[in-house]
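Each chain, letter by letter, is given below.
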Amino acid sequence: MTVSSPDIRSTTPQKPLFNTVLVANRGEIACRVIRTLRALGIRSVAVYSDADAGARHVHEADTAVRIGPDAAAESYLKIAAIIQACRDTGAEAVHPGYGFLSENVDFARALESAGLTFIGPGVESLNVMGDKIRSKNHVAGYGVPVVPGIAEPGMTDAQLIESADAVGFPLLIKPSAGGGGKGMHIVERAADLPATLETARRVAASAFGDDTLFLERLVRMPRHIEVQVLADNHGNVIHLGERECSLQRRHQKVIEEAPSPLLESLHDGGATRARIGEAACQAARSVHYSGAGTVEFLVSDEAPDEFFFMEMNTRLQVEHPVTEMVTGVDLVEWQVRIAAGEELTVRQDDVELNGHAVEARVYAEIPERNFMPSTGTVLLLDEMPDHGAGTIRVDSALLEGLEISSSYDPMISKVIAWGPERTVALDTLDAALAGYTALGIDTNVEYLRLLINDDDVRAGHLDTGLIERKMPDFAFRRVDDAEKVAAALSAVVSGEQDSTGTPPGPWQASNGWRIGAPAPRRISLGTPDGGIATVSVIGRVAAGPVQVCVGDGPWRTASLRLPGRGSLVLTLDGESTEYALAPADAGPVSLTPDNRASGGPAELFLGNGGWSCRLEVLTRESRLVRVLAAVEREEGTADPEVRSPMPGTVVSVAVNNGDSVEAGQVLLSVEAMKMEHQLVAEVAGTVHLSVKAGQPVKADQVLATIHPSTTDPDADSLQDSNTESNKDSNNTGKGA
């Protein structure tokens, strides 16, 4: 939090508001709520699934209760298990966080029936605002402007298709019970509407248990601006300014900031802020709202003085820290106080926006692979820079040794930066991301840095389609010779240390000894795209500078220094570079007498500047596998096996066993980390399915096999003649 931000929180009473509060959530938001409960002197209870038994929120709470297996439907969404955990621990109130049961009216009713306090709005608010169709029609009656569309409950696909022309194309399909952008789909043409409706209903039913959909006209070049409100049970309603959340992908926010650069750029921005703030307060008053809530508006970049109600989120938002940073108000504290019956002592005139704050959401995902979610184990973690006190905040779920599960959302942390004005805040955030280290998993940190340093983003020219337009031009960092040499020398050092107990003599040495000059030791490294890089080393790394050669390149002078745990300094031709370093296995890599790496194979993760890469130290066997795979790629051979990219569940199968399929045809869909991934045939032929809808699958599991159609033998012969040998390859590293 910013030291200079105004402190307008009420004074903590001597008597606790509640004795015990259960946090019905997981991840970074559970940790964030627990932090405020501790500051208020309230005992905290965490709940966890089997997948989260070692999670950070479990460690940080005063006590923790297991509520079920990995699947959210059997744990975090199981109302009876939450209530039983309250009874077992003596909890008097429940904080739902966001997502899961936070906006579930049945959950609020169940808590009320059990005599427990829901730290959130009342049933009326949840009932009206929890349904996007009902909420849109409701607030329109109170003078709040809404986007043109068709929003009636119970409409079938046929009825929606019939009404689509009146809404106009392009249009947006939205789930009535949805949130967080999940299940939303853009439809450009009428011909695409039937198939997209089918997908949207399936996703909505899976994510929210309700497949009701509605249509809205798509506003071109839209900006997403939302207003934070606070309301108590004594008739007081205020807003704490706006947040701009226009930088989105797949309708999910990536970068959020407060205040909005759009409103800040207007000559009458203060007046517009007052108008949109009052509209948000009016929406809250219309349902007798209490607690913290957010009213989201769509604003056209071409007409910034016009805004349209989208929805009200009846919970804490992921991006709430930017509001806290510029106002000094602890929103979780006020949620607890209001739920306990206290009156809101902050008045509208007390609210001042001090400086600028920007938040970046860190996801376990691979941006260059269409943001595919990623799993793994956190091997090395350093999220908070030493210089960040007062201007940088990190809300995180990570711990070293934590395994990232495919069962839940891939967001793992948030990095928030404050500055006296927007440019300074962005610079501070960029520096914080550059120092962010989470080795062992793929993250989007490098992508976040590219995004916040884009010229349009820096100028405040934002809209919800910016990321989609900019992404193809982002230049992601590649693994170069320095990373290959650093990994190779690290492997050699491990081998040298492992051989300290071997008997002396040339026959036991693994340093390339021979009569005359020593032979180079050759380390084969597997690059992230399946390629191979070979690094030759002459000399003893621990004794000082050595000679190195990458592939067929020139010989160069290199030295390696290991200043401490998780740190490596490489000096290559006089230029020094520091990396974070994490081996994926516990034991060192040994070198066999024929000078090839063995024992593993080991994986080495290197990173700096918010970027990281994974390099595998290959054995003969694993190297051969890569060579053969490279030969197939050179020949242009398409893989007839369709594999799951990660652990998940098959949610739909579009073909039947024995069907003839074309290359590029969708075969089935796998849901993982709350996202649906469509898998297609790489070759034409006859399909054989290995799974069915509803079946859980593992990463790299074969889900279907295509028996290719007969091809022209002359074409095959020509293709065979073009086979080339595998070459060393540069490759893409992923954000640290």
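Located above this text is the structure these notes cover.
Figured I'd write up the structure that's included with this text.

How each quantity is defined
Residues numbered from 1 in each chain as written. Predicted model: local features only at pLDDT ≥ 70, side-chain atom pairs only at ≥ 80, totals over all residues. Heavy atoms only, no water. Helix = DSSP H or I, 4+ residues; strand = E, 2+ residues; numbered from the N terminus. Buried < 20%, exposed > 50% of the residue type's maximum accessible area, 1.4 Å probe, protein only. Contact = heavy atoms within 4.5 Å. Pairing = 2+ DSSP bridges. Axes fitted to C-alpha atoms, helices over the stretch in contact; angles between N-to-C directions. Salt bridge = Lys/Arg side-chain N within 4 Å of Asp/Glu carboxyl O. Left-handed = near helix turned anticlockwise from the far one by under 90°. Nonpolar A, V, L, I, M, F, W, Y, C, P; charged D, E, K, R; others polar. Expected span 1.5 Å × (residues − 1). Core = buried A, V, L, I, M, F, W, Y, C linked by side-chain atoms within 4.5 Å. Lys, Arg positive; Asp, Glu negative; His and termini not counted. Polar contact = N/O pair within 3.5 Å; in protein donor to acceptor, adjacent residues only side chain to side chain.

### Some thoughts on the environment of E244
Then comes step 1: Residue position: E244 is located in strand β11 (residues 237–249).
Then comes step 2: Taking the relative accessible area as the measure of exposure, E244 reaches 1% and is therefore buried.
Then comes step 3: When the C-alpha atoms of E244 and E257 are compared, they prove to be 5.3 Å apart, with 13 residues separating the residues in sequence.
Then comes step 4: Ignoring anything within four residues of it in the chain, the contact list for E244 reads R223, H224, I225, I255, E256, E257, S260, P261, L262 and L462.

### Some words on helix α3 (residues 79–89)
Because each turn of an α-helix spans 3.6 residues, side chains separated by three or four positions in sequence point in the same direction.
Then comes step 1: When we look at burial in α3, the residues that qualify are A81, I82, I83, A85, C86 and T89.
Then comes step 2: Those residues of α3 that are buried are in contact with β1 (20–23), β2 (43–49), β3 (63–68), β4 (93–95) and α4 (105–113).
Then comes step 3: After α3 finishes, the residue G90 shows a positive phi value of roughly 75°.

### Things to note about the sheet that holds strand β13 (residues 291–300)
Then comes step 1: One open sheet accounts for eight strands, arranged β14-β13-β10-β11-β12-β15-β22-β20; its pairing is antiparallel. A single partner strand is all that each edge strand has here, and the edge strands are β14 (303–313) and β20 (392–396). Taken over all neighbouring pairs, the strand axes of this sheet differ in orientation by 25° on average, direction set aside.
Then comes step 2: Pairing between strand β15 (residues 356–363) and strand β22 (residues 411–419): eight bridges, direction antiparallel. Counted as the bridge partner of V362 is S413 from β22.
Then comes step 3: Sitting on the sheet, helix α1 (residues 27–39) touches β20 and β22, and the angle it makes with β20 is about 115°.
Then comes step 4: Where helix α13 (residues 422–434) meets the sheet, it contacts β12 (252–258), β15, β20 and β22, and its direction lies at approximately 140° from that of β22.

### Comments concerning the pattern of salt bridges
Then comes step 1: A full pass over the atoms with the stated rule returns 49 salt bridges.
Then comes step 2: The shortest N-O distance in the salt bridge between R32 and E324 comes to 2.9 Å. Taken as a pair, R32 in helix α1 and E324 in helix α11 (residues 320–327) lie far apart in primary sequence, 292 residues in all.
Then comes step 3: Look at R32 and you get buried, because its relative accessible area is 2%.
Then comes step 4: Residue class for E324 comes out buried when judged on its relative accessible area of 1%.
Then comes step 5: The salt bridge involving E216 is made with K136; its shortest N-O contact spans 3.7 Å.

### Digging into the sheet that holds strand β35 (residues 641–643)
Then comes step 1: With antiparallel pairing, the four strands of this open sheet are ordered in space as β35-β42-β40-β37. This sheet does not close on itself; its edge strands, each paired only once, are β35 and β37 (660–661).
Then comes step 2: Summarising the sheet, β35 and strand β42 (residues 702–708) pair through three bridges and their orientation is antiparallel. Residue V642 lies in a different strand from β42, and its bridge partner there is A704.

### Comments concerning the packing of α3 against α4
Then comes step 1: The N-to-C vectors of α3 and α4 enclose an angle of 30°; their axes lie 10 Å apart at closest approach. Read as a crossing pair, α3 and α4 show a hand that is right-handed. Contact residues: α3 offers I79, I82 and I83, while α4 offers D106, F107, A110 and L111.
Then comes step 2: In the contact of α3 with α4, the residues fall into six nonpolar, no polar and one charged.

### Re the pairing of β11
Then comes step 1: Across the 13 residues of β11, 13 count as buried, placing the element largely inside the fold.
Then comes step 2: In this structure, strand β10 (residues 222–231) lies alongside β11, joined through six bridges in antiparallel fashion. Across the sheet, the residue bridging to I225 is E244, located in β11.
Then comes step 3: Counted between consecutive antiparallel strands, the loop separating β10 from β11 contains five residues, among which G235 sits at a positive phi close to 90°.
Then comes step 4: One ladder, built from four bridges, connects β11 with β12; its direction is antiparallel. Residue pairing for β12: Q248 is matched across the bridge by K253.

### Digging into the pairing of strand β29 (residues 567–572)
Then comes step 1: Counting buried residues along β29, five of its six residues qualify, which places the element largely inside the surrounding structure.
Then comes step 2: Note that strand β28 (residues 556–564) and β29 share five bridges and pair antiparallel. By the bridge assignment, G564 is partnered in β29 with S567.
Then comes step 3: Hairpin geometry of β28 and β29 is characterised by an intervening segment of two residues between the two adjacent antiparallel strands and by a positive phi of about 75° at G566.

### A word on α1
Then comes step 1: When the terminal C-alpha atoms of α1 are compared, their 19 Å separation across 13 residues agrees well with the 18 Å that a helix rising 1.5 Å per residue should span.
Then comes step 2: Here α1 lies mainly inside the structure; 10 of its 13 residues are buried.
Then comes step 3: Taken as a whole, α1 has its buried residues at G27, E28, I29, A30, C31, R32, V33, I34, T36 and L37.

### Remarks on the environment of L247
Then comes step 1: Structurally, L247 is set in strand β11.
Then comes step 2: Sequence spacing of L247 and T464 is 217 residues, and the spatial spacing of their C-alpha atoms is 5.4 Å.
Then comes step 3: Not counting the four nearest positions on each side in its chain, L247 is found in contact with Q252, K253, V254, I255, L451, V457, L462, L466 and I467.

### A closer look at the nonpolar core
Then comes step 1: Core analysis: the largest hydrophobic core is formed by 40 residues, its most contacted members being I255, I404, V415, Y447 and L451.
Then comes step 2: Those elements that place two or more of their residues in this core are β12, β15, β20, β22, α13, α14 (445–452) and α16 (466–470).
Then comes step 3: Not counting residues up to four positions away in its chain, the partners in contact with I404 are A364, S374, T375, G376, V378, L398, I412, I441 and M673.
Then comes step 4: Counting 33 residues, the second-largest nonpolar core is a separate cluster that includes I34, L40, L230 and L240.

### Quick word on the side chain of D232
Then comes step 1: Looking at the secondary structure, you find D232 in the loop between β10 and β11.
Then comes step 2: Comment: no salt bridge for buried D232; closest opposite-charge side chain is R347, at 5.5 Å.
Then comes step 3: One polar contact links the side chain of D232 to the main-chain amide nitrogen of H234, over a distance of 2.9 Å.
Then comes step 4: Polar side-chain contacts of D232 include one of 2.7 Å to the backbone nitrogen of L344.
Then comes step 5: Apart from residues no more than four positions distant in its own chain, D232 is found in contact with Y289, S290, I338, E342, E343 and L344.

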